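The residues making up each chain are set out below.
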Amino acid sequence: MTSPEIRVQGLHKSFGDNHVLRGIDLEIAQGEVVCVIGPSGSGKSTLLRCVNLLEEPTEGQVFVGGTEVTDPDVDIDAVRRRIGMVFQQFNLFPHLSVTENLTLPQRRVLGRDKAAAERVAAGNLARVGLAEKADAHPSALSGGQQQRVAIARALAMDPEVMLFDEPTSALDPELVGDVLAVMRSLAREGMTMMVVTHEMSFAREVADRVVFMDGGVIVEEGRPEQVIGAPRHERTRHFLSRLL
Ligand code: ADP
Ligand code: MG
């Protein structure tokens, strides 16, 4: 049994008086896909952001690949390099081409030379089905294409884990499918993934495990067919009934 890729232990996070995360314990194995669901304001984004220390936990520990990222002496940049993150907003640089959006962080953060960074960029653009958009600017792409570029940009950093925070929530419905298809193929390749999403069909099909959060705690977790198909808790049933 290998140690978990992500381990969250006794995690609390408060913003002032607002006690948002109230004791989260969660382990994610290498290659596992965990979908996090729950109502708005339940702390899903805060949990993801605590995993890569975009937010500093108030209490508790987070380990990624065996390194305690909450250790005050940890090299936080080295930790973040191992964690890819994709947000609802794609945050591409509008003045740079698609390829330049992918090469810039590789060169700045990993110190790759131009040719190496361009090779990696091309490979990852092909991986998300956008090889032909290498020279385009983001404004010439659909929202779904921009989000796939954002995924390719994260992958170009060779992350050990990928965190997704509602990656399809800002997209027109007809553009959601292509982004989910890219995520599905990543999951099949064995990427360790933590995905906050409202796409229940994606969670059912792709997740190894679904975690339902409410009020800053994990209310229940288990196989998707169990949590989504036959929830044990009233709060989970109530949440799911409102999505239909
Ligand atoms: P979810 O992603 O489940 O909708 P969030 O984690 O975004 O929930 O937010 C949970 C709570 O934490 C909300 O009450 C929100 O207002 C608060 N919160 C999140 N981020 C911050 C922040 N940077 N500063 C203050 N409050 C925050
Ligand atoms: Mg959120």
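Calculation rules
- Residues numbered from 1 in each chain as written.
- Chains lettered and ligands numbered in written order.
- Predicted model: local features only at pLDDT ≥ 70, side-chain atom pairs only at ≥ 80, totals over all residues.
- Heavy atoms only, no water.
- Pairing = 2+ DSSP bridges.
- Helix = DSSP H or I, 4+ residues; strand = E, 2+ residues; numbered from the N terminus.
- Contact = heavy atoms within 4.5 Å.
- Axes fitted to C-alpha atoms, helices over the stretch in contact; angles between N-to-C directions.
- Phe/Tyr/Trp six-rings, centres within 6.5 Å; stacked < 30°, edge-to-face > 60°.
- Buried < 20%, exposed > 50% of the residue type's maximum accessible area, 1.4 Å probe, protein only.
- Lys NZ or Arg CZ within 6 Å of the ring centre and 35° of its normal.
- UniProt positions renumbered as here; feature names shortened; annotations may be inferred.
- Salt bridge = Lys/Arg side-chain N within 4 Å of Asp/Glu carboxyl O.
- Expected span 1.5 Å × (residues − 1).
- Parallel < 35°, antiparallel > 145°, perpendicular 65-115°, else oblique.
- Nonpolar A, V, L, I, M, F, W, Y, C, P; charged D, E, K, R; others polar.
- Near = heavy atom within 4 Å.
- Polar contact = N/O pair within 3.5 Å; in protein donor to acceptor, adjacent residues only side chain to side chain.
- Areas by Shrake-Rupley, 256 points an atom, 1.4 Å probe, with all protein chains shown as cover.

Engineer: Would you explain the sheet that holds strand 5 (residues 67-68) in this entry?
Structural biologist: Note: strands within a sheet are paired through backbone hydrogen bonds, in either parallel or antiparallel orientation. Across the sheet, 4 strands lie side by side as 2-1-4-5; this open sheet has antiparallel pairing. Bordering the open sheet on either side are strand 2 (18-28) and strand 5, each of which pairs with just one other strand. Looking at chain direction, strand 1 (residues 6-15) and strand 4 (residues 59-64) are connected through 5 bridges and run antiparallel. Along strand 4, the bridge assignment pairs Ile6 with Val64. Packing of helix 1 (residues 44-51) onto the sheet brings it into contact with strand 1, strand 2 and strand 4, and relative to strand 1 it is tilted by some 120°.

Engineer: What's the story with the packing of aromatic side chains in this structure? I'm lost.
Structural biologist: Each pair of aromatic rings is reported with the distance of its centres and the angle of its planes. Under the defined criterion, the tally for this structure stands at 1 aromatic pair. When the centroid spacing of 5.4 Å and the interplanar angle of 40° are considered together, the rings of Phe212 and Phe239 count as tilted. Highlighted residues: Phe212 in strand 9 (residues 209-214) and Phe239 in helix 9 (residues 234-243), separated in sequence by 27 residues. By relative accessible area, Phe212 is classed as buried at 0%. Residue Phe239 is classed as buried on the basis of its relative accessible area of 7%. The residue whose ring lies beneath Arg7 is Phe63, and the NZ or CZ to ring-centre distance is 4.4 Å.

Engineer: Please explain the UniProt feature "domain: ABC transporter" (unreviewed entry) in the chain as it appears in this structure.
Structural biologist: In the UniProt entry, the feature "domain: ABC transporter" (unreviewed entry) is given for residues 6-240. Across residues 6-240 one finds 37% helix and 26% strand; the C-alpha atoms that close the span lie 27 Å apart.

Engineer: Just to check I follow, could you spell out the pattern of salt bridges for this structure?
Structural biologist: Where side chains of opposite charge bring their charged atoms close, a pairing between them can arise. Per the counting criterion, the structure on display carries 12 salt bridges. The salt bridge partner of Glu160 is Arg82, with a shortest N-O separation of 2.9 Å. Pair noted here: Glu160 is in the loop between helix 5 (143-155) and strand 7 (161-165) and Arg82 is in the loop between helix 2 (76-81) and strand 6 (83-86), with a separation of 78 residues, a long-range link. Look at Glu160 and you get partly exposed, because its relative accessible area is 33%. Its salt-bridge partner being Glu189, residue Arg127 comes within 2.9 Å of it at the nearest N-O pair. Taken together, the positions of Arg127 in helix 4 (residues 114-127) and Glu189 in the loop between helix 6 (173-188) and strand 8 (192-196) put the pair 62 residues apart, joining distant regions of the chain. Each of Glu32, Arg209 and Glu221 takes part in salt bridges that share partners, so that together they form one network.

Engineer: How do you make sense of helix 5 when you look at a structure like this?
Structural biologist: Helical periodicity: at 3.6 residues per turn, an α-helix aligns residues three or four positions apart in one direction. Counted at 1.5 Å a residue, the expected span for helix 5 with its 13 residues is 18 Å, and the 18 Å between its end C-alpha atoms agrees. With respect to burial, helix 5 is a largely interior element, 13 of its 13 residues being buried.

Engineer: How do you make sense of the packing of helix 5 against helix 6 when you look at a structure like this?
Structural biologist: The geometry of a pair of packed helices is captured by two quantities: the angle between their axes and the separation between those axes. At their nearest, the axes of helix 5 and helix 6 sit 8 Å apart, and the two run at 20° to each other. Considered as vectors, helix 5 and helix 6 are oriented roughly parallel to each other. Taken together, the residues of helix 6 that come into contact with helix 5 (itself represented by Gly143, Gly144, Gln147, Arg148, Ile151 and Leu155) are Leu175, Asp178, Val179, Val182, Met183 and Leu186. Looking at side-chain class alone, the contact of helix 5 with helix 6 contains 7 nonpolar, 3 polar and 2 charged residues.

Engineer: Looking at this model, I keep getting lost on the site of ligand 1. Mind explaining?
Structural biologist: Lining the immediate surroundings of ligand 1 are Phe15, Asn18, Val20, Pro39, Ser40, Gly41, Ser42, Gly43, Lys44, Ser45, Thr46 and Glu55. Contacts to ligand 1 include Gly43, whose backbone N or O atom sits 3.0 Å from an oxygen atom. The contact in question runs from an oxygen atom of ligand 1 to an N or O atom on the side chain of Thr46, over 2.6 Å. Contact with the protein chains removes 60% of the 560 Å² of surface that ligand 1 exposes when unbound. Within the residue set of the shell around ligand 1, elements represented by two or more residues are strand 2 and helix 1. Here the residues of the shell around ligand 1 sort into 3 nonpolar, 7 polar and 2 charged.

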